[in-house]
Amino acid sequence: MTSKQRAYLKGLAMTIEPIFQLGKASLTPENTKAINEALEARELIKINVLQNCADNPKAIAVMIAERTHSQIVQVIGKKIVLYKPKTKSKSKEKSNTKQSSKTFSANKLKGSEKKQSKKSFKNKVQNKTEQSKKEFKNKAKNAASKNNNSRGMEAKNVSRKKSSRNYGGNV
């Protein structure tokens, strides 16, 4: 695992809560089995080592990583973050190799339909964004013209007040 990958996984791990707690009994075979199942389901998990656990969290992380064939992302204090990439199931691989030529060509057609639908979707999104930009510009112009008109009226009122002060009378 590269440092960039590790940094990315650390960022993802910041938002997740620990799903296991290891306490006084430390690491048991049941805990190892449950952690392995969680890694297969989630890929990235966080484990909390409680204060009453006598073992070192780094040593526990190494043991779990060896037993579950996972990788240690980080160990900070009493928190352990582990990563295990998902593997494809063997039954799916076998079914993929047995595909007939008819289904293969049908899949090609579906793929081309998907590409066309993606293009049409992109065009729709671009048209909507252009329309919303135009609407926003029009609203901004209208708001600016309203502000200019109201400022002009305020300026006239201010100038009237000044002139009435200078001459001492009503104008």
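Quick caveat, the model's predicted, so the values are computed rather than measured.

Q: Residues and numbers for the side chain of glutamine 74, please.
A: Relative to the helices and strands, glutamine 74 is located in strand 3 (residues 71-76). Not counting residues up to four positions away in its chain, the partners in contact with glutamine 74 are Lys10, Lys79, Ile80 and Val81.

Q: Go over the environment of histidine 69, please, and point to the residues and values.
A: With respect to the secondary-structure elements, histidine 69 resides in the loop between helix 3 (57-68) and strand 3. Judged by relative accessible area, which is 67%, histidine 69 ranks as exposed. Along the primary structure histidine 69 and proline 85 are separated by 16 residues, whereas in three dimensions their C-alpha atoms are 10.0 Å apart.

Q: Explain the sheet that holds strand 2 (residues 44-49) to me, using residue names and the numbers behind them.
A: Across the sheet, which stays open at both edges, the four strands sit in the order 1-2-4-3 with mixed pairing between neighbours. Edge positions in the sheet fall to strand 1 (20-22) and strand 3, since each has one partner strand and no second. This sheet shows a mean twist of 25° between the axes of neighbouring strands, independent of strand direction. Pairing of strand 3 with strand 4 (residues 79-83), which is carried by five bridges, proceeds in the antiparallel orientation. When the sheet's bridge partners are listed, glutamine 74 is paired in strand 4 with valine 81. Here helix 3 sits on the sheet and contacts strand 1, strand 2, strand 3 and strand 4; the angle it forms with strand 3, its principal contact strand, is near 165°.

Q: Could you give me a rundown of the nonpolar core, with the residues and numbers involved?
A: Grouped together as the largest cluster of nonpolar side chains are 15 residues, with contacts concentrated most on Ile35, Ile45, Ile47, Ile60, Ile64, Ile80 and Leu82. Elements with a contribution of two residues or more to this core: strand 1, helix 2 (29-42), strand 2, helix 3 and strand 4. Setting aside residues no more than four positions away along its own chain, isoleucine 47 makes contact with Pro18, Phe20, Leu22, Ile35, Ile64, Lys78, Lys79, Ile80 and Leu82. The next biggest cluster of nonpolar side chains, apart from the first, holds six residues, and it includes Leu9, Ala13, Val81 and Tyr83.

Q: Any chance you could break down the confidence of the model for the protein for me, citing the residues and the numbers?
A: It should be kept in mind that the predicted coordinates are not to be read in detail where pLDDT is low. Of the residues in the protein, 59% have a pLDDT of 70 or more, and the chain-wide mean is 75. Taken together, the stretch residues 91-95 has pLDDT below 50 and engages in one contact with residues farther than four places along the chain or on a different chain. Residue range residues 97-106 is modelled with pLDDT below 50. Its contacts to residues more than four positions away, or to other chains, number two contacts.

Cut-off values and rules
- In this numbering scheme, every chain counts its residues from 1 along its sequence in written order.
- Per-residue local features are limited, in this predicted model, to residues with pLDDT of at least 70; the limit for side-chain atom pairs, both in listing and counting, is 80 or more; totals at the level of whole chains, interfaces and linings are taken over all residues.
- As a convention, hydrogens and water are excluded, and side-chain values are obtained from all of the structure's heavy atoms.
- For the purposes of this entry, the term helix denotes a DSSP run of H or I that reaches at least four residues, the term strand denotes a run of E that reaches at least two, and both are numbered from the N terminus.
- Two residues qualify as a contact provided that any one of their heavy atoms is within 4.5 Å of a heavy atom in the partner residue.
- Only protein chains enter the calculation, and the probe is 1.4 Å; a residue is then buried if its accessible area is under 20% of its type maximum, exposed if over 50%, and partly exposed in between.
- Pairing between strands requires that DSSP locate at least two bridges from one strand to the other.
- Only the contacting stretch of a helix is used when fitting its axis, a line to C-alpha atoms as for every element, and angles between N-to-C directions run 0 to 180 degrees.
- Only buried Ala, Val, Leu, Ile, Met, Phe, Trp, Tyr and Cys residues count toward a nonpolar core, and they belong to the same one when joined by side-chain atoms within 4.5 Å.
- The predictor attaches a confidence to each residue, and that confidence, scored 0 to 100, is pLDDT.

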